[in-house]
Number of protein chains: 4
Amino acid sequence: MKNMSIKINEKLKIGGGGFVIISGPCTIESEIQMLSISKSVKKLGVDILRGGAFKPRTSPHDFQGLRDEGLKIITKVKEIVKLPFISEVVSIKDIEKVSLVADILQVGERNMQNFELLKHLGKTKKPILIKRGKANTINELLMSAEYVKVSGNNKIILCERGIRTFENETRFTLDLSMVPIVKTKSPYPIIVDPSHALGNSELVSALSKAALVVGADGLMVECHNNPKKAMCDGEQSITPSELKALIRDLNKIRKVL
Amino acid sequence: MKNMSIKINEKLKIGGGGFVIISGPCTIESEIQMLSISKSVKKLGVDILRGGAFKPRTSPHDFQGLRDEGLKIITKVKEIVKLPFISEVVSIKDIEKVSLVADILQVGERNMQNFELLKHLGKTKKPILIKRGKANTINELLMSAEYVKVSGNNKIILCERGIRTFENETRFTLDLSMVPIVKTKSPYPIIVDPSHALGNSELVSALSKAALVVGADGLMVECHNNPKKAMCDGEQSITPSELKALIRDLNKIRKVL
Amino acid sequence: MKNMSIKINEKLKIGGGGFVIISGPCTIESEIQMLSISKSVKKLGVDILRGGAFKPRTSPHDFQGLRDEGLKIITKVKEIVKLPFISEVVSIKDIEKVSLVADILQVGERNMQNFELLKHLGKTKKPILIKRGKANTINELLMSAEYVKVSGNNKIILCERGIRTFENETRFTLDLSMVPIVKTKSPYPIIVDPSHALGNSELVSALSKAALVVGADGLMVECHNNPKKAMCDGEQSITPSELKALIRDLNKIRKVL
Amino acid sequence: MKNMSIKINEKLKIGGGGFVIISGPCTIESEIQMLSISKSVKKLGVDILRGGAFKPRTSPHDFQGLRDEGLKIITKVKEIVKLPFISEVVSIKDIEKVSLVADILQVGERNMQNFELLKHLGKTKKPILIKRGKANTINELLMSAEYVKVSGNNKIILCERGIRTFENETRFTLDLSMVPIVKTKSPYPIIVDPSHALGNSELVSALSKAALVVGADGLMVECHNNPKKAMCDGEQSITPSELKALIRDLNKIRKVL
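The following refers to the structure shown. Owing to the predicted nature of the structure, the values given are computational and were not obtained by experimental measurement.

On to the relation of the copies chain A and chain D. Overlaying chain A on chain D yields an RMSD of 0.0 Å, the required transformation being a rotation through 180° with an accompanying axial translation of 0.0 Å. Taken together, the rotation and translation relating the two chain copies correspond to the operation of a two-fold axis. Scanning chain A for the C-alpha nearest the rotation axis identifies A:Ala210, at a separation of 2.2 Å. In this assembly, 100% of the residues forming the interface of chain A have copies in chain D that are likewise at the interface, indicating an isologous arrangement.

Below, the structure is given as structure tokens:
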């Protein structure tokens, strides 16, 4: 099926032959942290910044994100670093305020079948990145995209982030076969997020390269200046120097493909 | 762990040794349909009526429920049949209006990790039935219950409705082992919904009896006067006469246990 | 489909309306142990003794069974206790010698698709109990039965022992829905083995009763005089006094069904 | 962990930095077919021929392979094409005769935990390729390798061929994360078989390239001159011209890595 290309800003689009790199920390911890890592990854050629202000966590006792304070940090960081930003929306009531600062609105895997949220996102004009639920089929993911589309917004980006299987060496099993399958079934660009699937920074580089060669339109990879001290998911975050080496390898492979 | 008992009305509680039967159609189709099936199942001894006004459906092109019209039907049916009613809430903005007519608010499996919804339900005073997500572990279900509890509401009822596995003979695999496990880990009553797990009305009776003997506090079973013409999930709905035979068997088993 | 009944000896058959109890330790540890537990369970009304001489173990460094020595113990125990015996065959070359002492030959879950073994078992005249593989569908199990049948032996008993899923609270997820499904698709009796599925003796009783009410033809349950000192799978073995209580409950339920 | 390199013949080894291509049909259908496809793939640079003489099939009514006749064909083809051959062993009694003609003995996924077979293969001097079972963890695969090793043979090659999950768009879910994980846990070379995992020839090329970039030591890919007429698994076989394009891409990527 013909691939769509989603315009993010005057200079950047996702889909249509390019390969975008989205990077940043799992969660926004402070202005200093977010600014520092954003400057680092910009130098490496990263296209889009990521960082969660609203964090859906399995336990209510875990850190839930800086929330409104996090949105203010996104605004400041964007003024200085001048890169587009993707951030997650977990509730209909937050769509408006996240839209004011983020360039792409993310639907997390736990909300992939939160159809009311999808319908409301379909009424915005922002690009929407939908993560595949940990136990959702490819067809169900496409049906969730359809909720956004029929509500009026076809700027849809899909994201593979691992499915739940019996294998426990990784947090989830990254299903790279879904990339070429989705390409035959839908026009939407596909991003691969190996960080959440693997839960192990040492595996991120290998699977990121695999995402490129199976035909993904980009990568979302967590990067932290000090993964051991990260407030959330540090074990899967790579460092800027690891990201530098990864981007170098990706560029080499892209040249020959 | 000590079992809690959740008061539904002056005459009925869930948990604490009883075995409640929740029944009705998957979705409210019309006043006539809902009234007819409600009268039928009341005669059989059903304790609580079910029927969806707001239906989360995989595809946006499928019937989404009668919505506000469905809530009006619930009100009328309750006046006539005089049984408590459970109905699903799919969005924070609907909590108030569903609370006005329903005695128990249901969180569907797709919203089990819609934490914003859970937090808001925790601020109500209604009993909340949380269905286990199709790919969620028992511990994740208990963490979702914790979201409701820490928000101020401990009237929580858990519900097993099948998990996603490789076996395709049934829609989901009903995990009955979870019932005695949850009993050792939490105080909440557990209801088993075999209808959604199986997707096949011929299997419902056998698994319902199994739910009783593993220690569940009740059963949620779909019943329709004319399953072949049901607007939603007719293939898994049993008829009132099948429900009558099932309740008779359940009563026999309860007597000897 | 019409249920078959498999004759085990002059007094006992499996299928056709009865409910047999197969019990004993996971593995034969010594003559004293095997004789002691066999006498205990016979008193409780157990119909068939179990105990592995040849044990397939994930690691080669784990105890592999007493092997030929175990077969001698089976012979002695049978002379004294006078109950039929089921034991596992893991290799074509062992079929003959296990057949000399065992009344039912068991195919373990790891060998469910060891088709060469199945073909050779099809050439014997012994009843063959085939355990469902941990990741095998119901249809694949029926196809494995077909291998035995087309080789000349239709004395086939199927066994559910749990499938591999993402849920880790139990070793496997016991799929009780398979019992009524298999009954509509094949004539073979079905035994449920909750011990291996659960890996937790505290859950065995509840799921055993569930196996009865979903329509199984019997139960295979591990029992050990001193589960804490068992050489294999002690955590899932119940004691004779727990088995006694279970059989009493099963009899009560059978009476009313 | 230090990677082993397994010597196949004077010119070829698996592991230690190279990337071998194993190709040929799923099953040997006739001398003409096998000779023709073998010549075709040799020209493309394939290192090792594959073709099953003994085929384990889910149903006894499906084609079971040419068996002894197939082994004769392997002998003839090797004389003419002069490439090493890998073929599956499904029974202890066939080890000797398959060893006479094959350079690598394959254990199929269904026999990954057929420990008696593994022990006997451990007594041969042939390289043994062990396919990961469709529901086996990485650790279980390594334990099966351990059975071969402790029996005396450490010429072990592991093979990823997809695991069973809920996603049905592919026959199995290819778990590429396992490649870098196995590399940290064991010294054995790893081959990836995308054909059986995907069950769809159109996806084979993309996932084959992914296997290379995640660090696999080679590829096993089914190739057939006329996939539509293949006796077994034609839907996943690529044609020689597709294989040519794939090998060209693989070589380009290898140069830059």
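Still to come is the rest of the account.
A few words on the sheet that holds strand β10 (residues 218-222) of chain A. All names here are of chain A. If you walk around this closed barrel you meet the 8 strands as β3-β4-β5-β6-β7-β8-β9-β10, and the pairing is parallel. Strand after strand, the sheet turns through a mean of 25° between neighbouring axes, direction not considered. In the sheet, strand β7 (residues 128-131) pairs with strand β8 (residues 156-160) via 4 bridges, with the strands oriented parallel. The residue bridging isoleucine 128 from the neighbouring strand is isoleucine 156, located in β8.

Attention now moves to the interface of chain A and chain D. Contact residues are listed per partner, giving 34 residues for chain A and 34 residues for chain D. Summing the contributions of chain A and of chain D, the shared interface buries around 2800 Å²; its carbon and sulfur component is 72%. With its nearest N and O atoms 2.9 Å apart, the salt bridge here joins D:Glu169 to A:Lys185. At the boundary of chain A with chain D, the tally comes to 8 residue pairs in polar contact (both at pLDDT 80 or more). Counting residues per element, the ones that place at least two in the side of chain A that touches chain D are α5 (138-150), α6 (178-185), α8 (201-213) and α9 (240-256) of chain A.

A few words on the packing of aromatic side chains. The tally for this structure, following the rule as stated, stands at 4 aromatic pairs over all chains. Ring centres of A:Phe115 and A:Tyr147 lie 4.4 Å apart, and the angle between their planes is 20°; on these two criteria the pair is classed as stacked. Pair noted here: A:Phe115 is in helix α4 (residues 115-121) and A:Tyr147 is in helix α5, with a separation of 32 residues, a long-range link. The ring of C:Phe172 carries the charged tip of C:Arg161 above its face, separated from the ring centre by 4.2 Å.

Across the boundary between the two partners, chain C contributes 34 residues, which contact 34 residues of chain B. Together, the buried faces of chain C and chain B total about 2800 Å²; carbon and sulfur atoms form 72% of this surface. Sorting the residues of chain C by area buried against chain B places C:Phe166, C:Glu169 and C:Val256 first, and these three jointly supply 21% of that buried surface. Seen at the junction of chain C and chain B, the total is 8 residue pairs in polar contact (both at pLDDT 80 or more). Of all the elements in the fold, those that place two or more residues in the side of chain C that touches chain B are α5 (138-150), α6 (178-185), α8 (201-213) and α9 (240-256) of chain C. Tallying contributions element by element places α8(C) first for the side of chain C that touches chain B, with 6 residues. Class assignment of the residues belonging to the side of chain C that touches chain B gives a composition of 18 nonpolar, 7 polar and 9 charged.

Rotating chain C by 180° and translating it 0.0 Å along the rotation axis places it on chain B, where the RMSD comes to 0.0 Å. A share of 100% of the interface residues of chain C reappears at the interface of chain B, consistent with the copies meeting face to face through the same patch.

So, on to the pattern of salt bridges. Residues and elements named next belong to chain C. Going through the model one piece at a time under the given rule, you end up with 80 salt bridges over all chains. Between lysine 7 and glutamate 10 there is a salt bridge; the shortest N-O distance is 3.4 Å. Take lysine 7: its relative accessible area is 52%, and that puts it in the exposed class. Looking at glutamate 10, the relative accessible area reads 72%, which means it is exposed. For the salt bridge of aspartate 103 with lysine 78, the shortest nitrogen-to-oxygen distance reads 2.9 Å. Placement of aspartate 103 in the loop between α3 (95-101) and β6 (104-107) and of lysine 78 in helix α2 (residues 68-81) is noted, with a sequence separation of 25 residues between them.

A word on the layout of surface pockets. Residues and elements named next belong to chain C. Size it by volume and the largest pocket reaches roughly 650 Å³. Forming the walls of the largest pocket are 34 residues, and the residues nearest its centre are Thr58, Arg110, Arg161, Arg171 and Phe172. In the lining of the largest pocket, the residues fall into 6 nonpolar, 13 polar and 15 charged.

Remark: α8(A) packs on helix α8 (residues 201-213) of chain D, axes separated minimally by 8 Å, with the N-to-C direction vectors making an angle of 155°. By the angle class used here, α8(A) and α8(D) are roughly antiparallel. For the pair α8(A) and α8(D), the sense of crossing is right-handed. The segment α8(A) lies against α8(D), with A:Ala206, A:Lys209, A:Ala210 and A:Val213 engaging D:Ala206, D:Lys209, D:Ala210 and D:Val213. Counted by class, the contact of α8(A) with α8(D) contains 6 nonpolar, no polar and 2 charged residues.

A few words now on the environment of A:Ser186. Residue and element names in this part refer to chain A. Relative to the helices and strands, serine 186 is located in the loop between α6 and β9 (190-192). The class for serine 186 is buried, based on a relative accessible area of 2%. The sequence separation of serine 186 and methionine 4 amounts to 182 residues, and the corresponding C-alpha distance is 9.0 Å. Not counting chain neighbours up to four residues away, the residues in contact with serine 186 comprise Met1, Leu142 and Leu158. A polar contact is formed between the side chain of serine 186 and the backbone nitrogen of tyrosine 188, at a distance of 3.4 Å.

Among the secondary structure elements, B:Lys209 is positioned in helix α8 (residues 201-213). Not counting residues up to four positions away in its chain, the partners in contact with B:Lys209 are B:Leu246, B:Asp249, B:Leu250, B:Ile253 and C:Val213.

Thresholds applied
Residues numbered from 1 in each chain as written. Chains lettered and ligands numbered in written order. Predicted model: local features only at pLDDT ≥ 70, side-chain atom pairs only at ≥ 80, totals over all residues. Heavy atoms only, no water. Least-squares fit on C-alpha atoms with pLDDT ≥ 70 in both. Contact = heavy atoms within 4.5 Å. Pairing = 2+ DSSP bridges. Helix = DSSP H or I, 4+ residues; strand = E, 2+ residues; numbered from the N terminus. Axes fitted to C-alpha atoms, helices over the stretch in contact; angles between N-to-C directions. Buried area = accessible area lost by both parts, 1.4 Å probe. Salt bridge = Lys/Arg side-chain N within 4 Å of Asp/Glu carboxyl O. Polar contact = N/O pair within 3.5 Å; in protein donor to acceptor, adjacent residues only side chain to side chain. Phe/Tyr/Trp six-rings, centres within 6.5 Å; stacked < 30°, edge-to-face > 60°. Lys NZ or Arg CZ within 6 Å of the ring centre and 35° of its normal. Nonpolar A, V, L, I, M, F, W, Y, C, P; charged D, E, K, R; others polar. Buried < 20%, exposed > 50% of the residue type's maximum accessible area, 1.4 Å probe, protein only. 1 Å grid on protein atoms, 1.4 Å probe; cavity = no way out; pocket = protein on both sides within 12 Å on 5 of 7 lines; lining within 4 Å. Points joined across faces, edges and corners; volume = space filled by probe spheres on them. Parallel < 35°, antiparallel > 145°, perpendicular 65-115°, else oblique. Left-handed = near helix turned anticlockwise from the far one by under 90°.

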